[in-house]
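Structure assessment
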Amino acid sequence: MEPAPPIEPPPPVPPPAIPPLEVTNPVIPGDFADPSVIKVGTEYWATATSSEWAPHYPLMRSPDLLRWEQVGSIFPEAPSWAEGNYWAPELAEDRGRYYVLYTARKKGGPLCVAVATATQVQGPYTDHGPLVCEELGSIDGAMIRDENDRLVLVWKLDGNSRDLPTPLWAQEMTEDGAGYKLTGERTQILLNDVPWEGQLVEGAHLVRRNGWFYLFYAGSGCCGVNCNYGAGVARSRTLRGDWEKNPLNPIVKSNADFRCPGHGSIVTDTHGRDYLLYHAYRTTDSVYVGRQGVLDVITWGEDGWPSINGRRGTGGKVLATPPPVVETFSSPALAPGWQWPNKYKPRFSLADGHLTLAPEAARTAHPLGGLLARATPSGTYTAETRVDVTGLAAGALVGLSAVGDEENAVGLGLQGDQVVLWRRQGGKQETLASVAAPASADGTYLLRMTAKSGRLYRFAISTDGTSWLDVGPEQNGDVLPPWDRGIRVGLTVGGAAQASARFDSLRITPE
């Protein structure tokens, strides 16, 4: 009798595929341009452009890439060598050290790519100053190790500032920690040379995968109502070799929900899935909110090329209503998320549930000399604040406003016994309407600003939160947003020596 054949074990059952995250975009509502993200342990950390609003480069933390909280800033105080244009910070980790490559304008000079380092991602960061400052401007730094394990900086020559091409350069970077600098020869690795890229390529982010270097980048016009940005990708076997652009570029382009997507970075989650965090204008909010943080999973094809949402533009569900911004000034320090003009930090203090706000000494005569602002999470919202004007200095103006920058704003203020609707455009102040302030038993008033579609504003005042007095006609804010920023809600005080006022709350409620 022959022995029975051996029983073959059943083939192993592969584990069930883990679906990608259920994303609702934007995952970071509000002005969050040029985002960079990394994973540290079980958490994710992100930062973004701050431009002319200080403190510079917001630092966000998330447990899952979907829920984000601002916990601080990369630079609580501006780097001493720089004077503005705080753009495109790129977070990176290399051998236990955390880096931020960032763009800023050198005092009296060009745009530069600089570097700061820290021993933990939350900082504090030590600034090492500029790495490269070309005459045309150097922006959008990124960092990676090449095939020979050398640390390399990649950046953009800002040629489009003078209608010139925009090469992306690569050059070795020292890593001794005693004074970071570039060494050796720089090499051009990419150039805007296909139609969709228009006047530029920029915003490089590099990863290495399966023997390839992949360079994700943005092309064409980033900002403003006429933007036409998109995201592309190129690859090469070696960092300084021949880069091949994906023939299906742009891999992310505008759609019905989000316009002008681009300039992001890639992070790998705990399940090994890759995601691109990048920015785009929401079509309903346009430029008035700014470029918001959106997230998409990356699908890698059999040909090795990445794809995002089947080239249909930004994917996921669309956020119906962002959460409100609520501030009661109950903490001893100003909460992360508050901003002020880069060159003009106001005086402020917090105590007993009140924010006391005043202009810096050299700006007391400016109507917006003391300005604290919050980015708006959507274009349609109601903002309310309560202000105590007891003892307000003669001639001082205190109130609530929609702010593009300190020279372009529209708002409602209290000045003496009057309620004033004012507008500031190109640095020129104008009173649009003025009515007698209603009687207040305790010297406090509620001010309300209602925004529609990001650009239409109405203002009202109340003493009890029930009966409201509308002040002046609806105001158009088309001219308010700077080309690279959204409009903010501002608390303001100025216009007189010793100008000062107390605010006890701010609430921004999206609709």
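Our structure is the block above this text.
Structure report, in brief.

Calculation rules
- Residues numbered from 1 in each chain as written.
- Predicted model: local features only at pLDDT ≥ 70, side-chain atom pairs only at ≥ 80, totals over all residues.
- Heavy atoms only, no water.
- Core = buried A, V, L, I, M, F, W, Y, C linked by side-chain atoms within 4.5 Å.
- Buried < 20%, exposed > 50% of the residue type's maximum accessible area, 1.4 Å probe, protein only.
- Contact = heavy atoms within 4.5 Å.
- Phe/Tyr/Trp six-rings, centres within 6.5 Å; stacked < 30°, edge-to-face > 60°.
- Helix = DSSP H or I, 4+ residues; strand = E, 2+ residues; numbered from the N terminus.
- Lys NZ or Arg CZ within 6 Å of the ring centre and 35° of its normal.
- Pairing = 2+ DSSP bridges.
- 1 Å grid on protein atoms, 1.4 Å probe; cavity = no way out; pocket = protein on both sides within 12 Å on 5 of 7 lines; lining within 4 Å.
- Points joined across faces, edges and corners; volume = space filled by probe spheres on them.
- Nonpolar A, V, L, I, M, F, W, Y, C, P; charged D, E, K, R; others polar.
- Axes fitted to C-alpha atoms, helices over the stretch in contact; angles between N-to-C directions.

A few points about the nonpolar core
Ranked by internal contacts, the top residues of the largest apolar core, which has 55 residues, are Val398, Leu414, Met449, Tyr457, Leu491 and Phe503. Ignoring anything within four residues of it in the chain, the contact list for valine 398 reads Val387, Val389, Leu392, Leu412, Gly413, Leu414, Thr492, Val493, Ala501 and Phe503. By size, the runner-up hydrophobic cluster in this structure holds 20 residues, among which are Trp45, Trp81, Ala82 and Tyr125.

What to know about the packing of aromatic side chains
Geometrically, a pair of aromatic rings is defined through the distance of the ring centres and the angle of the planes. Considering all chains together, one arrives at 11 aromatic pairs under this definition. Note on tryptophan 87 and tryptophan 483: the rings are 6.0 Å apart at their centroids and 85° apart in plane angle, and the pair reads as edge-to-face. Of this pair, tryptophan 87 sits in strand β7 (residues 82–94) while tryptophan 483 sits in the loop between β38 (475–476) and β39 (488–494), and the two are 396 residues apart along the sequence. Judged by relative accessible area, which is 14%, tryptophan 87 ranks as buried. Three or more aromatic residues joined by ring pairs form one cluster here, namely Tyr57, Phe75, Trp81, Tyr86 and Tyr102. The ring of tryptophan 305 has arginine 235 sitting right over it, with the charged end atom 4.1 Å from the ring centre. The lysine or arginine in question, arginine 363, covers the ring of tyrosine 344, its NZ or CZ lying 3.5 Å from the ring centre.

Topic: the pairing of strand β33 (residues 418–425)
Across the eight residues of β33, six count as buried, placing the element largely inside the fold. Taking the residues between adjacent antiparallel strands as the criterion, strand β32 (residues 408–415) and β33 are bridged by two residues, where glycine 416 takes a positive phi near 60°. In the sheet, β33 pairs with strand β34 (residues 428–436) via eight bridges, with the strands oriented antiparallel. Within the sheet, the bridge partner assigned to valine 420 lies in β34 and is serine 434.

Focus on empty space enclosed by the protein
Applying the stated criterion across every chain, the model contains two cavities of 30 Å³ or more. The computed volume of the largest cavity comes to approximately 60 Å³. Lining the largest cavity are Gly203, His205, Phe216, Tyr217, Ala231, Gly232, Gly262, His263, Gly264, Leu276 and Tyr278. Where the lining of the largest cavity is concerned, the elements lending two or more residues are β15 (201–209), β16 (212–219), β17 (230–236), β19 (258–268) and β20 (274–282). Top contributing element to the lining of the largest cavity by residue count: β19, with three residues. For the lining of the largest cavity, the class distribution of residues is five nonpolar, six polar and no charged. Taken as a whole, the second largest cavity encloses approximately 30 Å³ of empty space.

Quick word on the layout of surface pockets
Space inside the largest pocket adds up to approximately 940 Å³. Taken together, 35 residues form the lining of the largest pocket, with Pro29, Met60, Trp68, Val325 and Arg374 sitting closest to its centre. Those elements that place two or more of their residues in the lining of the largest pocket are β5 (56–62), β6 (69–75), β25 (325–327) and β29 (370–375). When the residues that make up the lining of the largest pocket are grouped by side-chain class, the tally is 20 nonpolar, nine polar and six charged. Approximately 610 Å³ is the volume found for the second largest pocket. Secondary structure elements with two or more residues in the lining of the second largest pocket: β2 (36–40), β7, β11 (138–145), β15 and β19. Among the residues forming the lining of the second largest pocket, the class breakdown is 15 nonpolar, three polar and eight charged.

Observations regarding the sheet that holds β20
Spatial strand order, β19-β20-β21: three strands in an open sheet with antiparallel pairing. Each having just a single partner strand, β19 and β21 (292–297) make up the two edges of the open sheet. Strand-to-strand twist of the sheet, defined as the mean angle between neighbouring strand axes without regard to direction, takes the value 30°. In the sheet, β19 pairs with β20 via seven bridges, with the strands oriented antiparallel. If you follow isoleucine 266 over to β20, its bridge partner there is leucine 276.

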